[in-house]
Amino acid sequence: MAVGHNKSELEGDSATLASRVGDLSPLLPLAGTVATIEYPGKLSRERILQKVSVPFVSVDPAGTVRDDSVRANSLVWSDNWFALHNLLASGKKATLIYLDPPYATGLDFQSRDQEHAYNDALSDAGYIEFIRRRLILMLELLSDQGSIYVHIGHQMLGEMKLILDEVFGAKNFRNIITRRKCSSKNFTKHQYANLNDYILFYSKSDSYTWNQPMENPDPDWIAKEYPKVDSKGQYKLVPVHAPGTRRGETGGLWRGEMPPAGKHWQYTPTRLDEFDAKGEIHWSKNGNPRRKVYLPADKGLALTDYWDKYRDAHHQSILITGYPTEKNFEMMKMIVAASSNPGDLVIDPFSGSGSTVHAADVLGREWIGIDQSLLAVKTAIKRLTLGRNPMGDFVKGETPPDLFSEFKASTVQHETVSAEFSLLVDHEISKLHPAEVSGLAGLLPKP
Ligand SMILES: C[S@@+](CC[C@H](N)C(=O)[O-])C[C@H]1O[C@@H](n2cnc3c(N)ncnc32)[C@H](O)[C@@H]1O
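Residues numbered from 1 in each chain as written. Predicted model: local features only at pLDDT ≥ 70, side-chain atom pairs only at ≥ 80, totals over all residues.

(A) Local environment of the overall build of the chain. What the chain contains, in helices and strands, is 14 helices and 23 strands. Looking at the chain as a whole, 32% of its 447 residues are labelled buried. (Helix = DSSP H or I, 4+ residues; strand = E, 2+ residues; numbered from the N terminus. Buried ≥ 20, exposed ≤ 12 C-beta atoms within 10 Å, placed from the backbone.)

What follows is the structure in structure tokens.
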């Protein structure tokens, strides 16, 4: 048999296409060959995992720095390449890693009050290798029960899927989640308006932490699914028989009738009588029984891979930090709750405004947030200590939320966070930017 073609290709309906081998129809790779993505400068896994020792310091509210290492419940100002290497050396393992890296948009991002946040300048192979190297470190940092969620735009979705398959193994792919990020757009240039971004979900093994997220059904769904109502509530009618024959009671007579051919009663005749006595059997005009199933008060539906209820800030009462690309806090809480348990470690290596670490803190997880942007770290400290601001003030043309002015309890709604956390900084950054480091120290809660 020609290598690369399976038997059904050679002998089946497609035989005329597949049997002309050689120059006319070059062979396909062998079945089971893993596809990889190739480009110059792709480092080996071994090279990426070679120890990189960069010292870190912690900074206290008085601005005093001391040698330290990346550890649980810390915000880290650093390139995550160094911080992840530092963490690897500690042997600490995470149950959940969520990352929302730059998307290769080519844009510069600023906060709502026009402060520089970060550049999204990497593209092509440079972007791919930047992410891949860090994903290889993240794989090492995950516990065997761990999961990773990679949030990404359409720009690099295809490449990211290939890299993740390569690093985590295609068998550990769980979902590509489509997240509706914004409401309808009324203008787009000769192409379809983009409303979604994507989250690639992988686990480290097939035995991973999972707490099934449920959502409340829409009123429309309820009305369709449970269309009838009586004094006990909304209900639907379901058959009292099921496919397959049975020899016992469920295959025999009930109210003088046998189950329809090829079927059996779903319950014993005694149980069916009990339903009927409670008024829970509906008899059609021609005597066909069906059971009433009432809508439970806590009816939930398993969340699917299409998330349309987690849009980013879209109305004025939503609390935000003002950091660009800040993600929906409810979505972050849902991810943390689904893929970790209280006490587990959650890492966000591109933590931005701190959405993930805030969610992890609120839900009683340990956490580490890493970002190379000064504004990101400032914003995350503010958020964890003082809470976020309602977006409305800014939109209505009133004073924009000033993230770094004194907190005014009378005008700003804020959230309860228990966070007692450390600020860690790459030692070199602390040497090069002492004024910024002491500015960050000044934002830390006083003991
Ligand atoms: C899309 S934003 C993350 C937003 C975040 N999910 C939130 O809810 O606010 C991407 C972040 O990655 C950070 N970043 C980019 N390259 C980095 C690197 N090498 N190390 C650490 N952070 C990096 C940027 O500074 C930026 O804050």
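(B) Summary view of the sheet that holds strand 16 (residues 289–294). Taken together, the four strands give an open sheet; going across it, the order is 11-12-16-15, and neighbouring strands pair in antiparallel fashion. The open sheet has two edge strands, strand 11 (228–230) and strand 15 (281–283), and neither has a second partner. Neighbour to neighbour, the strand axes of the sheet diverge by 45° on average, direction disregarded. With five bridges joining them, strand 12 (residues 233–239) and strand 16 adopt antiparallel strand pairing. What sits directly across from Val238, in strand 16, is Arg291. (Pairing = 2+ DSSP bridges. Axes fitted to C-alpha atoms, helices over the stretch in contact; angles between N-to-C directions.)

(C) Inspection of helix 5 (residues 124–141) at higher detail. Helix length check: helix 5, at 18 residues, gives a terminal C-alpha distance of 26 Å against a target of 26 Å (1.5 Å per residue), a fit within 8%. Residues Tyr127, Ile128, Ile131, Arg132, Arg134, Leu135, Ile136, Leu137, Met138, Leu139 and Leu141 constitute the buried set of helix 5. Against the buried residues of helix 5 lie helix 3 (45–49), helix 4 (80–90), strand 4 (94–99), strand 7 (142–152), helix 6 (157–168) and strand 20 (345–348). (Expected span 1.5 Å × (residues − 1). Contact = placed C-beta atoms within 7 Å.)

(D) Looking closely at helix 10 (residues 355–362). Burial within helix 10 is extensive, with seven of its eight residues counted as buried. Within the span of helix 10, buried status applies to Ser355, Thr356, Val357, His358, Ala359, Ala360 and Asp361. If you follow the buried residues of helix 10, they end up packed against strand 4, helix 9 (329–339), strand 20, strand 21 (366–371) and helix 11 (374–386). Looking one or two residues past helix 10, Gly364 carries a phi angle of roughly 75°, positive in sign.

(E) Highlighting the sheet that holds strand 18 (residues 306–307). Strand order in this open sheet of 11 strands is 2-1-23-3-21-20-4-7-9-8-18, and the pairing throughout is mixed. Every interior strand has two partners, whereas the edge strands, strand 2 (65–68) and strand 18, have only one. Its contacts with the sheet place helix 11 against strand 3 (74–77), strand 21 and strand 23 (422–426), and it is angled at close to 160° to strand 3.

(F) Highlighting unusual backbone geometry. Although it is not a glycine, Asp124 sits at a positive phi angle of roughly 50°. By secondary structure assignment, the location of Asp124 is in helix 5. The phi dihedral of Thr325 falls on the positive side, at around 65°, and the residue is not glycine. With respect to the helices and strands, the residue Thr325 is situated in the loop between strand 19 (319–320) and helix 9.

(G) Molecular detail of the pairing of strand 4. Judged by how many residues are buried, strand 4 sits mostly within the fold: six of six residues are covered. Direction of pairing for strand 4 relative to strand 7: parallel, over a ladder of five bridges. Each bridged residue has a counterpart across the sheet, and for Leu99 the counterpart in strand 7 is Val150.

(H) Fine view of the pairing of strand 7. For strand 7, the buried fraction is high: eight of the 11 residues fall into the buried class. Across six bridges, the pairing between strand 7 and strand 9 (residues 196–203) is antiparallel. Paired with Val150 across the strands is Leu200, a residue of strand 9.

(I) Representation of the packing of helix 11 against helix 14 (residues 434–443). Packing of helix 11 against helix 14 brings their axes to within 9 Å, and their N-to-C directions diverge by 15°. If you check the angle between helix 11 and helix 14, you find them roughly parallel. Helix 14 is crossed by helix 11, and the crossing has right-handed handedness. The residues of helix 14 that touch helix 11, namely those facing Leu374, Val377, Lys378, Ile381 and Lys382, are Glu436, Leu440 and Leu443. Classifying every residue of the contact of helix 11 with helix 14 gives five nonpolar, no polar and three charged. (Parallel < 35°, antiparallel > 145°, perpendicular 65-115°, else oblique. Left-handed = near helix turned anticlockwise from the far one by under 90°. Nonpolar A, V, L, I, M, F, W, Y, C, P; charged D, E, K, R; others polar.)

(J) View of the nonpolar core. Within the largest apolar cluster, 76 residues are counted, with the highest numbers of intra-cluster contacts made by Ile97, Met138, Leu141, Val150, Leu164 and Leu200. Tallying contributions element by element places helix 5 first for this core, with nine residues. Look past the residues within four positions of Ile97 in its chain and what remains in contact with it is Met138, Leu141, Leu142, Ile148 and Ile347. (Core = buried A, V, L, I, M, F, W, Y, C linked by C-beta atoms within 7 Å.)

(K) Quick peek at the confidence of the model for the chain. Per-residue confidence for the chain gives a mean pLDDT of 89; residues scoring 70 or more make up 87%. In the model, residues 400–413 has pLDDT below 50 throughout and makes 20 contacts with residues more than four positions away in sequence or in other chains. (pLDDT = per-residue confidence, 0-100.)

(L) Highlighting the environment of Lys185. Locating Lys185 in the fold gives a position in the loop between strand 8 (173–180) and strand 9. When the C-alpha atoms of Lys185 and Leu195 are compared, they prove to be 7.7 Å apart, with 10 residues separating the residues in sequence.

(M) A look at the packing of helix 9 against helix 10. Packing of helix 9 against helix 10 leaves a shortest axis separation of 8 Å and a crossing angle of 55°. One finds that helix 9 runs oblique with respect to helix 10. Of the two possible hands of crossing, helix 9 and helix 10 adopt the one that is right-handed. Where helix 9 approaches helix 10, its residues Phe329, Met332, Lys333 and Val336 are matched on the opposing element by Ser355, Thr356, His358, Ala359, Ala360 and Val362. Here the residues of the contact of helix 9 with helix 10 sort into six nonpolar, three polar and one charged.

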